[in-house]
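Results of the structural survey
Chain residues, written in single-letter form:
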Amino acid sequence: MEASRRFGRRTPGQWQDPVPGSYGYGDLLKMALALGRLGVRLTEPGEHVGVLLPNVAASVMLLIGLSSQRRVPCMLNYTAGAEGIQRACRVAGVRTIVSSRTFLEKAQLTEQAQALRGVALYYLEDLHRQFTLADKLWLAYALWRPERVVPPPDPEAAAVVLFTSGTEGHPKGVVLSHRALLANVAQIQQIFPFGPGDCILNCLPIFHSFGLTAGTLLPLVSGARLVLYTSPLHYKVIPELIRDKGCNTLFSTSTFLHHYARHARPEDLKGLKYVVAGAEKLAAPVRETWRARFGIDILEGYGMTEMAPVVAVNLPDSNRPGTVGRLLPGIEARVLPVAGIAKGGVLHLRGPNLMSGYYRPEAPGILEPPRSAAGDGWHDTGDVVEIDADGYLIIHGRLKRFAKVAGEQVCLDLTEAIARAASCEAQHASLAVPDLGRGEAIVLYTTDATLTRERLAAAAQQMGAPEICLPRRIAYRERLPLLSTGKVDYQQLREHALRE
């Protein structure tokens, strides 16, 4: 409502999606009000409502419409399979799901959706037909005085439930308040002054926090134009969209940026002003390719769902490769030492963008407020980091991504860095598996069928990395399993490794 007052309801082409559709703020407000009213009929105040929809304007406006009517939208990951969606519904106490027949058919998810148990499934196509004359009269009034038809807002109320990526275990439900989401948007705006002159392409899924907050809510609040696209996996289409739509900002991951660079022509990306990489470590060859081919310096950042999500990011005038930049304004950090790890410690965070708490698989529907070894109201990131004298954050790896090999703590991310140095075009993922003689042994999965231990040893020597970081076994895979964010699905790989 505030954004529509600031930037005008009739701003043409403010949002675009592949439905196809082009929307101004007035169209978005109308959609949110109508979907919120329909959602009220299906649900009770405070109810957790599953949203199983792709990156289109209607999905975002359903989220906002439900939230404005004191329902809590739970953004379900449609790539997780029927079991993953069922587990998320159980964790968050979801009894009602809103989806679309057209979407489910196109994504070949109809059978999966219909296999869900204990939930009522509603379709937008059916709800649209239930919008009566009385509803239309109400909507006409609501568009004139929208503040009269929504309950008074509570900034601490739950705005959305998102689910962690589950790269190393079952996903948890993360409850984010209106305060947390808008605080993170404000923090980003303090260092990136987005406005009506900017155009952001968001192909990251809105069921993950990077795609929701940075890719969707940020342009909504700032007045920047937004081009929504349904999948980051269309590697040839994305560069063409950037060119055709005049986008100057792209949020993505290292994996996706690697593929876009392979298919893009220099003229496709010449309009980009900001390219921000998050969700996984930015590979050095990806950074170098973008600089050499397109003259673009990728800005690496760092975040997590629990922080709504952006925590730190490099800036155009202070971009320090090898780091993820400085902390955003208002975020406090403590680095606590870990036995056996000499460099750095585990990062604990707090700030206005911190989650309200977790829904854990072992305690469905029970909110667990954030707390850590640093105290109540702090979040243990599980990441081993250093903060240098200039305040730049250096990520060494996740604490769970350390293996104990022959009594020494070995960073599995360093094993992957060695593999990338030896074979920069391939994908690599390392795991620790039980080993009777050494405690744990490292297995490297790679898409390079020619990669040998000798090549890895040469790369490690050039990097100055110890030999203990080299894998005991190298396993070739034509492709590695990926999550929807582009991260490697380590859970699936671990299941394979333990069976082999």
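Here we summarise the structure given alongside this text. This structure is a prediction, so every number in the text was calculated from the model and none was measured. (Residues numbered from 1 in each chain as written. Predicted model: local features only at pLDDT ≥ 70, side-chain atom pairs only at ≥ 80, totals over all residues. Heavy atoms only, no water.)

What to know about the overall build of the chain
Worth spelling out the cut-off: Helix numbering and strand numbering both begin at the N terminus, where a helix is a DSSP run of H or I of at least 4 residues and a strand a DSSP run of E of at least 2. In this setup the radius of gyration rests on C-alpha atoms only. A globule is expected at 2.2 Å times the number of residues raised to 0.38. When accessible area is computed with a 1.4 Å probe and restricted to protein chains, residues below 20% of their type maximum are described as buried, those above 50% as exposed, and intermediate ones as partly exposed. The contact criterion used is simple: two residues touch if any of their non-hydrogen atoms lie within 4.5 Å. Each accessible area value is a Shrake-Rupley result obtained with a 1.4 Å probe; residue values ignore everything except the protein chains displayed when judging cover.
Helix and strand counts for the chain stand at 17 helices and 28 strands. A compact globule built from 500 residues should have a C-alpha radius of gyration of about 23 Å, and the chain, at 23 Å, falls within 12% of that. When its C-alpha atoms are laid out on the principal axes, the chain stretches across 75 × 50 × 45 Å. Taking all 500 residues of the chain together, 55% fall into the buried category. When contacts within the chain are restricted to residue pairs at least 6 apart in sequence, long-range pairs at least 24 apart make up 66% of them. Working note: accessible area of the chain is about 21,700 Å², and carbon and sulfur atoms make up 53% of it.

Topic: the sheet that holds strand 23 (residues 393-398)
Here is the rule: Two strands form a pair only when DSSP identifies at least two bridges running between them. Helix axes use the C-alpha atoms of the stretch in contact, all axes being lines fitted to C-alpha atoms, and the angles between their N-to-C directions lie in the range 0 to 180 degrees.
An order of 16-17-22-23 is seen for the 4 strands of this open sheet, with the pairing classed as antiparallel. With one partner strand each, in any of the chains shown, strand 16 (332-336) and strand 23 form the two edges of the open sheet. Sheet twist, expressed as the average angle between the axes of neighbouring strands with direction ignored, equals 45 degrees.

Focus on the environment of arginine 326
The cut-off we apply is this: Under the rule applied, a polar contact is a pair of N or O atoms within 3.5 Å (in protein, one hydrogen donor and one hydrogen acceptor; residues adjacent in sequence only if both atoms are side-chain atoms).
By secondary structure assignment, the location of arginine 326 is in strand 15 (residues 326-327). Judged by relative accessible area, arginine 326 falls into the partly exposed class, the value being 38%. Between the C-alpha atoms of arginine 326 and alanine 312, which are 14 residues apart in sequence, the distance is 5.2 Å. Within the structure, arginine 326 has its side chain in polar contact with the backbone oxygen of aspartate 390 (distance 2.9 Å). Within the structure, arginine 326 has its side chain in polar contact with the side chain of tyrosine 392 (distance 3.4 Å).

So, the pairing of strand 8 (residues 173-177)
Among the 5 residues that make up strand 8, 5 are buried, leaving the element largely enclosed by the rest of the structure. Judged by which residues are buried, strand 8 turns out to be covered on both faces: Gly173, Val175 and Ser177 on one side and Val174 and Leu176 on the other are all buried. Sheet topology note: the strand 8/strand 18 (residues 357-360) ladder contains 3 bridges and is antiparallel. Bridging across to strand 18, valine 175 finds its partner in glycine 357.

Focus on the environment of lysine 30
Locating lysine 30 in the fold gives a position in helix 2 (residues 25-42). For lysine 30, a relative accessible area of 42% gives the class partly exposed. Sequence separation of lysine 30 and leucine 143 is 113 residues, and the distance between their C-alpha atoms is 6.6 Å. Filtering out sequence-adjacent residues up to four positions away, lysine 30 remains in contact with Leu139 and Leu143.

Observations concerning the state of the cysteines
Linking two cysteines covalently via their sulfur atoms produces the bond known as a disulfide. Spelled out, the test is: Sulfur atoms of two cysteines make up a disulfide when they are within 2.5 Å.
All told, the structure shown has 0 disulfides when counted by the stated rule. You can see cysteine 74 has no disulfide; the closest cysteine sulfur is in cysteine 89, sitting 8.0 Å from it. Accessibility expressed as a relative area gives 0% for cysteine 74, which makes it buried. Cysteine 199 forms no disulfide, and the closest cysteine sulfur to it belongs to cysteine 247, at a distance of 3.7 Å.

Here we look at the sheet that holds strand 14 (residues 310-313)
Taken in spatial order, the 9 strands line up as 2-1-10-9-11-12-13-14-15 in an open sheet, and their pairing is mixed. Looking along the sheet, the strands with just one partner apiece sit at the ends: strand 2 (21-23) and strand 15. The pairing of strand 9 (residues 199-202) with strand 10 (residues 225-228) spans 4 bridges and is parallel. Paired with isoleucine 200 across the strands is leucine 226, a residue of strand 10.

Some thoughts on the packing of helix 9 (residues 178-191) against helix 10 (residues 209-222)
Quick note on the threshold: Orientation labels follow simple angle bins: below 35 degrees gives roughly parallel, above 145 gives roughly antiparallel, 65 to 115 gives roughly perpendicular, and whatever is left gives oblique. Residue polarity is assigned by list, with Asp, Glu, Lys and Arg as charged and Ala, Val, Leu, Ile, Met, Phe, Trp, Tyr, Cys and Pro as nonpolar; anything else, Gly included, falls into the polar class.
At a minimum axis distance of 10 Å, the contact between helix 9 and helix 10 shows a crossing angle of 80 degrees. Between helix 9 and helix 10, the crossing angle belongs to the class labelled roughly perpendicular. Across the interface between the two elements, Leu181, Leu182, Asn184, Val185, Ile188 and Gln189 of helix 9 pack against Thr213, Ala214, Leu217, Leu218, Val221 and Ser222 of helix 10. Class assignment for the residues of the contact of helix 9 with helix 10 results in 8 nonpolar, 4 polar and no charged.

A short note on unusual backbone geometry
Following alanine 308, the chain continues to proline 309 via a peptide bond in cis, the omega torsion being 0 degrees. By the element assignment, proline 309 lies in the loop between strand 13 (299-303) and strand 14. The phi angle at arginine 70 is positive, at roughly 65 degrees, despite the residue not being glycine. Relative to the helices and strands, arginine 70 resides in the loop between helix 3 (57-68) and strand 4 (72-75). A positive phi angle, near 75 degrees, is found at alanine 308, a position not held by glycine. Assignment of secondary structure puts alanine 308 in the loop between strand 13 and strand 14.

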